[in-house]
Amino acid sequence: MGVEGHVLLVEDDASIREVTTIGLTQAGLRVSAAADGRAALASWRAHPVQLIILDVMLPGLDGFEVCREIRRTSQVPILMLTARTDTIDVVVGLECGADDYLRKPFDLPELVARVRALLRRSTSPTTDTVLSVGRLEVDPGRFTASKDGRELALTATEFRLLVELARHPGRVFTRDVLLERVWSYSYLGDSRLVDVAVQRLRGKVEDDPAQPRMIRTVRGAGYKLTP
Amino acid sequence: MAAPRVAPGRVRRRLTVAFVLVAGMAAAVLAAGSYLTVRAAWFDASLAQATVDTRYQLVLAQQFLPLDEEHTSSLLTSFEGSGRHVVLVADTGIAASHPAYASVPGPAVRAEVAAGRLAFQRMSTRDGSHLLVVGGRIPGSAAELYVVQAEDRIYADLDQLRAVLLAGSALVVLLAALIGHVLARRTLSPVGRAGAAARAVAEGLLATRLPVGTRDEFGAWAESFNRMAEALEAKIAALSRAQARERRFTADVAHELRTPVTALVAAASLVRAHLDELPTDVRRPTELLVANVLRLRRLVDELMEISRLDAGREHVTVRPVDLGGLVDAILGSRGWSDRVAVTGTAPPIVTDPRRLERILSNVVANAVEHGGRDVRVAITSADGIVTVRVTDRGPGIPAAHLPHLFDRFYKADPARTGAGSGLGLAIARENARLLGADITVRTEPDAGTEFRITLPVAHPLPDGDATANAGADGGG
């Protein structure tokens, strides 16, 4: 499958950590593992990786805190593993800046598929043409986006979301379409992924995120980018 | 059990009426009694006075004897002059001192008088005045002298008395009605309060208590009621604590199982890829191991789902859903596309696709696992209701099992250990409840089973991707 990547797996349960490491390694990925939040942050600072798989339930520093800490300095793709019964976990995780999530127990092939989708998002350019919408300029080839000439710090997911919206300014994208194009979900993806990502993107793009002027919600339909 | 409808206030009215009747009767008897007593006393007094007077007048009349024409005339003039009306009955005829009082008593009285005794009669004249006539024989003659007195004054007084007594009685009845009403209300108000309290308890307000105000039967009753309500409240609290404990236990068990199961599932999927490379004598056991890990995983998943549903933590997020597309996606993802035929379409419905997926996939899974042959999904839409019928031509379900079909871990055939966890239909029903949908079953032995899912169709709102929970939508 050819996708090379270095992944940091943060999981406190030794069995899950070991067997997941084997699975990811067999899928052609390089895996570093950490058993708790502090070890994860130390490992991340010492050896930056291309993707982090982060369990929510960690001793000491929990997954949300680790995620927030990493997001302060980096836009690296983060995949959350949620174990709690609460759906609130998912929302909190996404609001911390995670790109995607998987519920435990997960299928190894599904984890591999999610990891690949995330890595693809952050590496493969979708098009080389520079897209210019109003005050925004998006360069898929160089993986950069700027507003009024000032560069924006976007995660891979936020960047891909902006690219999809910017390709057809004014067109309404349903959550399902965005789930498929950005997250590679073809079947019953969680629409909260889109909603939270849009919210975070607005936080970086809009002058006033509470009164969005560029990324508009179209009630009952989805989202659109207005020039 | 529905209580028979009672007309409130009936007992109150009855009590008031009884009170009024008793008071009214007492007032009537008292009034009539006193009227009659007073009447008799007044008449007696009037008669006694008249008798004394008549005796005296008879002695006076003696002075006019013998009663020739001149004497008779002067007797009449003299009596009339002293303010008395008299009637003189002598051999010469009947003579009255005043024409208005020329009343002669009947023969019974006259016979008495002829026998030398005083006698009286009460009479009324044609113009309506009441007269008392007392008479006797004038001593030393055969002539009879009757003294006539008007008793109109007594009658007028009696009339007035009667009017006063009647008005008094009416007032008593009115007062009785008023007091009776107030008393009945005050007496019955604890009953009303108790009724309201019992209804409140029945509606689930278990903290309802009655005020124990008085040291009487009602007070004792209120105390008993309160004790009952307390016992009930304590019992129900204990029951719901037990249920909450049980549910938390289920959630905890599922949660604790999740970590080892996650490791097992991941390991199983690694092993499964290399089954062919295993020596033959461990290959089959390994296959069983992998298969049962997947069963265990499904069971844990469903336990977690049902405990989330029990805890009310599953939210409904609705959006327009293409039902046909959803069914195709479910069949595709489960690998059932070749085994299940889909017919019919429906316009997009506004619902929660994840909940609907849980309903449809569990019902179809049940049909595929137990119904076996010829599973069909038919979608129809009419009158604002979309119906999905999932039919099979399997052995059918014995009637005895039907009421329990949606119970947790209920298996129609306990000997059969199918791939199902026993929670699928229970999960389908819980999700259906969240969506306001309905699942019904029809089955015929050896002919097959039909699960019918009816979904209410909410029309897409022009301004709403209406979400039942606080969606993470930025608005705009």
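Quick note: structure is the one above.
All values reported here derive from a predicted model rather than from experimental measurement. (Residues numbered from 1 in each chain as written. Chains lettered and ligands numbered in written order. Predicted model: local features only at pLDDT ≥ 70, side-chain atom pairs only at ≥ 80, totals over all residues.)

Student: Would you take a moment to explain the nonpolar core for this structure?
Tutor: Note that soluble globular proteins tend to have their nonpolar side chains buried in a common cluster. Ranked by internal contacts, the top residues of the largest apolar core, which has 111 residues, are Val-10, Ile-52, Leu-54, Leu-79, Val-115 and Leu-162 of chain A together with Val-364 of chain B. For Leu-79 of chain A, the contacting residues outside a window of four places in its chain are Leu-51, Ile-53, Leu-54, Ala-98, Asp-99, Asp-100, Tyr-101, Leu-102, Arg-114, Val-115 and Leu-118 of chain A. Residues Val-86, Val-109, Phe-120 and Val-147 of chain B belong to the second largest nonpolar core, which totals 24 residues. (Core = buried A, V, L, I, M, F, W, Y, C linked by C-beta atoms within 7 Å. Buried ≥ 20, exposed ≤ 12 C-beta atoms within 10 Å, placed from the backbone. Contact = placed C-beta atoms within 7 Å.)

Student: Would you mind showing me how to read the sheet that holds strand S12 (residues 222-225) of chain A here?
Tutor: Two pairing modes exist for strands in a sheet, parallel and antiparallel, and in both the strands are linked by backbone hydrogen bonds. Residues and elements named next belong to chain A. Strand order in the open sheet formed by three strands is S10-S12-S11, and the pairing between neighbours is antiparallel. At either end of the open sheet lies a strand with only one pairing partner, and these are strand S10 (173-174) and strand S11 (215-218). Judged from the four bridges that link them, S11 and S12 form a sheet pairing that is antiparallel. Among the inter-strand pairings, Val-218 is bridged to a residue of S12, identified as Gly-222. (Pairing = 2+ DSSP bridges. Helix = DSSP H or I, 4+ residues; strand = E, 2+ residues; numbered from the N terminus.)

Student: I keep staring at unusual backbone geometry and nothing clicks. Help me out?
Tutor: Trans is the common state for peptide bonds, and a negative phi is the common state for residues other than glycine. Residues and elements named next belong to chain A. Along the chain, Lys-104 connects to Pro-105 via a cis peptide bond; the corresponding omega equals -5 degrees. Tracing the backbone through its elements, the reader meets Pro-105 in the loop between strand S5 (100-103) and helix H5 (108-123). Residue Phe-143 is not a glycine yet carries a positive backbone phi of 60 degrees. For Phe-143, the position within the fold is in the loop between strand S7 (136-139) and strand S8 (144-147). Its identity is not glycine, yet Ser-184 carries a phi of approximately 60 degrees, on the positive side. Looking at the secondary structure, you find Ser-184 in the loop between helix H7 (175-183) and helix H8 (191-205).

Student: Mind showing me how you'd approach the pairing of S7 of chain A here?
Tutor: Two faces belong to every sheet, and in a regular strand the side chains alternate between them. Residues and elements named next belong to chain A. Residues of S7 alternate between two faces, with Leu-136 and Val-138 buried on one and Glu-137 and Asp-139 left unburied on the opposite face. The turn joining strand S6 (residues 131-133) and S7, which pair antiparallel and follow one another in sequence, is formed by two residues; a positive phi near 60 degrees is taken by Gly-134. Of the pairings in the sheet, the one linking S7 to S8 comprises four bridges and is antiparallel in character. By the bridge assignment, Leu-136 is partnered in S8 with Lys-147. Here S7 folds back onto S8, and the loop between the two strands holds four residues, one of which, Phe-143, carries a positive phi near 60 degrees.

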